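Chain by chain, the residues run as shown.
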Amino acid sequence: MADFEPRIVGFLCNWCTYAGADLAGTSRMQYPPNMRSIRVMCSGAVDSVYVLRALLEGADAVFIGGCHPGDCHYVSGNYKARRRMVLLNAIMKSVGLDDDRVWLRWISAAEGRKFADTVTELTASIKARGPSRFRELWEV
Amino acid sequence: MKGILKVTGRNPEQALRDLFAGWLRADRLSALLVPAWSKSGAATLALIADPEKMAETSPLLPAMAVNAASVVHQLARSGAIGQRVGLLLRPCELRGVVELIKLRQVLPDNLVMIGIDCAGTYKAAGFRGIRKDAADFANKHVRNQTALTGNSNFRLACQVCEYPRPLVFDLALGWLGLNPDKELWLEAATDKVKALLDGVKLVEGEEPKPRLKALAAFAEQRQQAAAGRIAELDKVMMGADNLVRYFADCLNCHNCMRVCPVCYCHECFFDSATFERDIAEQVRIAQRKGLTRMPSETLLFHLTRMNHMMTSCVQCGICEDSCPAGVGLTILFKKVARNAQAEFDYVAGRSLDEPLPLTTFREDEFQTIGEG
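Residues numbered from 1 in each chain as written. Chains lettered and ligands numbered in written order. Predicted model: local features only at pLDDT ≥ 70, side-chain atom pairs only at ≥ 80, totals over all residues. Heavy atoms only, no water.

Engineer: Got a minute to help me understand empty space enclosed by the protein in this structure?
Structural biologist: Picture a little ball the size of a water molecule; that probe, rolled over the atoms, points out where space is still empty. Residue and element names in this part refer to chain B. This structure, assessed with the given rule, holds 9 cavities of 30 Å³ or more. Taken as a whole, the largest cavity encloses approximately 140 Å³ of empty space. When contributions to the lining of the largest cavity are tallied by element, the ones reaching two or more residues are α11 (298-309), α12 (318-321) and α13 (329-343). Element by element, the count of residues in the lining of the largest cavity is highest for α13, at 3 residues. Of the volumes computed, that of the second largest cavity is approximately 120 Å³. Contributing to the lining of the second largest cavity are 16 residues, with C92, C118, C158, C161 and Y163 lying nearest its centre. When residues of the lining of the second largest cavity are traced back to their parent elements, those giving at least two are α3 (91-102) and α5 (156-159). Per element, the largest residue contribution to the lining of the second largest cavity is 3 residues, and it comes from α3. Classifying every residue of the lining of the second largest cavity by side-chain character gives 9 nonpolar, 3 polar and 4 charged. (1 Å grid on protein atoms, 1.4 Å probe; cavity = no way out; pocket = protein on both sides within 12 Å on 5 of 7 lines; lining within 4 Å. Points joined across faces, edges and corners; volume = space filled by probe spheres on them. Helix = DSSP H or I, 4+ residues; strand = E, 2+ residues; numbered from the N terminus. Nonpolar A, V, L, I, M, F, W, Y, C, P; charged D, E, K, R; others polar.)

Here is the structure:
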């Protein structure tokens, strides 16, 4: 499994986590290149269907980054994202899917370091877990 | 107002028909939705406006063709302005209507929700032949109560249903734990039904103890049955490989969504342009994987439907009845709905006041989520 490079799909909120990722980049912080970032306007705008589609199509993990609770640009989008994550976790657990492959984290525009560390941690965690089984199952 | 409604002539169905016909005759209701036998012999639903036609109805009919909440959705999308319409609903149908009200899909203002006990239903599709003996079929069903909890001919959802009585209602009617040849339970919960009960002879009082005991035993037995079925399901459904196999026969027809009482969108997200892939994209996916299943994204449809609807699922099982491929949705949805609703301390259809879990939040909840 040494040559396994996880493919991670990241949904980053425009106002906080995306700016945090930008800061990590402009500050030349090093972190694994395993995440494909998608900028969204709010973590609350990420419907579970996009998370599930990524996983079923063979992504090894999905990351959602939003503003810290209380700091949402749209006041309450991240609180709604949090509830949706609770629901998604419950459903994934109920059908025996690995909900540790979906991470929600609050990372502000000032937290470039936290962004780089989180992606490093997520990549290491998925490397330890191995590839998603859905990569092998073409008939999903 | 609550108490015992006396039944004469060993005919509880007739007692209910008389009660309902009186409301239509006195113009207290413009129409009433009731289970009925059609002339062709089908067990179905009828919207009755003429009290003389009440003879064709079967208020205690233990057969379910559709979840009546879907019919109510069709009826009351834009409100029944100026017309008061009564709905005789089983507990699961009532819970569906409650969810639709909270989803702003049904305007309840002129609807009178009349709930009635249900011990289980048969698939309506297998019911045609029974018409000839219909006169007393439902009465016999409510009379012989010892055989009801473990009846393996009921629809699977009914065999594991722990809600034999209505939870939210304007008026509730009950027969479980009573001798329905002599008496029925009647309970008014809102002012809407005051006029309906004008002149109705009722022996007022608290709910009889034997009835409460019977209902509790019923729920317990059904919960055990559900636990057993869920344990069986887990053996064949859990995990990526099993899950793919479990849904392998899905045709992608989306019947389960169309008959679902709480799947309310006029256009399903899965019928939208988001899921229209052009051939180049489809081929690109095949190239990436080497091969790809067509029709594609059937499992995605089911998992997403769970994410969109699970907090409102009333576990009526009509999805499984409608599945041409025989995918076992009933117990799966029961399990997932329970787990999902438990996270938010929510039960679909339990209350009109509890907000839908995904329409609300608290700042001080789920604080470990997002913190790593």
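Engineer: Would you take a moment to explain the pairing of strand β6 (residues 111-116) of chain B for this structure?
Structural biologist: It is a general feature of regular strands that their side chains alternate between the two faces of the sheet. All names here are of chain B. Burial analysis of β6 places 6 of its 6 residues in the buried class, the great majority of the element. Burial of the side chains of β6 extends over both faces: L111, M113 and G115 are buried on one face and V112, I114 and I116 on the other. Taken together, the 5 bridges between strand β5 (residues 85-89) and β6 define a ladder with parallel strand orientation. Residue L89 lies in a different strand from β6, and its bridge partner there is G115. In the classification by handedness, the crossover that spans β5, the intervening α3 and the parallel β6 is right-handed. (Buried < 20%, exposed > 50% of the residue type's maximum accessible area, 1.4 Å probe, protein only. Pairing = 2+ DSSP bridges. Right-handed = clockwise from strand over helix to strand, strands pointing away.)

Engineer: Teacher, can you tell me more about the sheet that holds strand β3 (residues 61-66) of chain A here?
Structural biologist: Through backbone hydrogen bonds, the strands of a sheet pair up, either in parallel or in antiparallel fashion. Residues and elements named next belong to chain A. If you walk across this open sheet you meet the 4 strands as β2-β1-β3-β4, and the pairing is parallel. The sheet is open, and its two edges are formed by β2 (35-40) and β4 (102-106), each paired on a single side. If you compare each strand with its neighbour and ignore which way they point, the axes differ by 20 degrees on average. Here 5 bridges tie strand β1 (residues 8-13) to β3, and the two strands are oriented parallel to one another. The partner of G10 across the bridge, within β3, is F63. Packed onto the sheet, helix α1 (residues 17-26) meets β1, β2, β3 and β4 and runs at close to 110 degrees relative to β1. Along the sheet, helix α2 (residues 48-56) contacts β1, β3 and β4; its crossing angle with β3, the most-contacted strand, is approximately 150 degrees. (Axes fitted to C-alpha atoms, helices over the stretch in contact; angles between N-to-C directions. Contact = heavy atoms within 4.5 Å.)

Engineer: Would you take a moment to explain the interface of chain B and chain A for this structure?
Structural biologist: Interface extent is often summarised as the accessible area lost during association of the parts. Of the residues lining the interface, 48 residues belong to chain B; the matching set on chain A comes to 35 residues. Between chain B and chain A the total buried area reaches about 4000 Å² when both faces are included, carbon and sulfur atoms providing 64% of it. Ranking the residues of chain B by area buried against chain A places B:N307, B:F361 and B:I369 at the top, with a combined share of 15%. Across the chain B-chain A interface, the total number found is 5 salt bridges. (Buried area = accessible area lost by both parts, 1.4 Å probe. Salt bridge = Lys/Arg side-chain N within 4 Å of Asp/Glu carboxyl O.)

Engineer: Looking at this model, I keep getting lost on the packing of aromatic side chains. Mind explaining?
Structural biologist: The description of an aromatic ring pair rests on the distance of the ring centres and on the angle between the ring planes. One pass over the full model with this rule turns up 13 aromatic pairs over all chains. With 6.3 Å between their ring centres and 80 degrees between their planes, A:Y50 and B:F269 make a pair best called edge-to-face. Here A:Y50 is found in helix α2, whereas its partner B:F269 is found in the loop between α9 (255-259) and α10 (279-289) on a different chain. Over the face of the ring belonging to A:Y18 we find A:R39, whose NZ or CZ atom lies 5.7 Å from the ring centre. (Phe/Tyr/Trp six-rings, centres within 6.5 Å; stacked < 30°, edge-to-face > 60°. Lys NZ or Arg CZ within 6 Å of the ring centre and 35° of its normal.)

Engineer: Would you explain the sheet that holds strand β1 (residues 2-6) of chain B in this entry?
Structural biologist: Residues and elements named next belong to chain B. Across the sheet, 8 strands lie side by side as β3-β2-β5-β6-β8-β9-β1-β10; this open sheet has mixed pairing. Both edges of this open sheet fall to β3 (43-48) and β10 (203-204), since each of them pairs with a single strand only. Note that β1 and strand β9 (residues 183-188) share 5 bridges and pair antiparallel. Among the inter-strand pairings, K6 is bridged to a residue of β9, identified as E183. Packing against the sheet, helix α2 (residues 68-76) makes contact with β2 (31-37), β3, β5 and β6, and its axis sits at approximately 165 degrees to β5.

Engineer: Teacher, can you tell me more about the domain arrangement of chain B here?
Structural biologist: Residues and elements named next belong to chain B. With domains assigned, chain B is organised as domain 1 (2-210) and domain 2 (225-359). Domain 1 and domain 2 are separated by 29 Å when their C-alpha centres are compared. Taken together, the contact between domain 1 and domain 2 spans 29 residues of the former and 31 residues of the latter. Taking both partners together, domain 1 and domain 2 bury about 2500 Å²; carbon and sulfur atoms supply 61% of that area. Three residues stand out in domain 1 for area buried against domain 2, namely E99, K102 and V160, and they jointly supply 24% of the buried area on that side. Taken together, domain 1 and domain 2 are joined by 3 salt bridges. At the junction of domain 1 with domain 2, the criterion picks out 15 residue pairs in polar contact (both at pLDDT 80 or more). Of all the secondary structure elements, the ones that give two or more residues to the side of domain 1 that touches domain 2 are α2, α3 and α5. By residue class, the composition of the side of domain 1 that touches domain 2 is 16 nonpolar, 6 polar and 7 charged. (Domains from an automatic or database assignment. Polar contact = N/O pair within 3.5 Å; in protein donor to acceptor, adjacent residues only side chain to side chain.)

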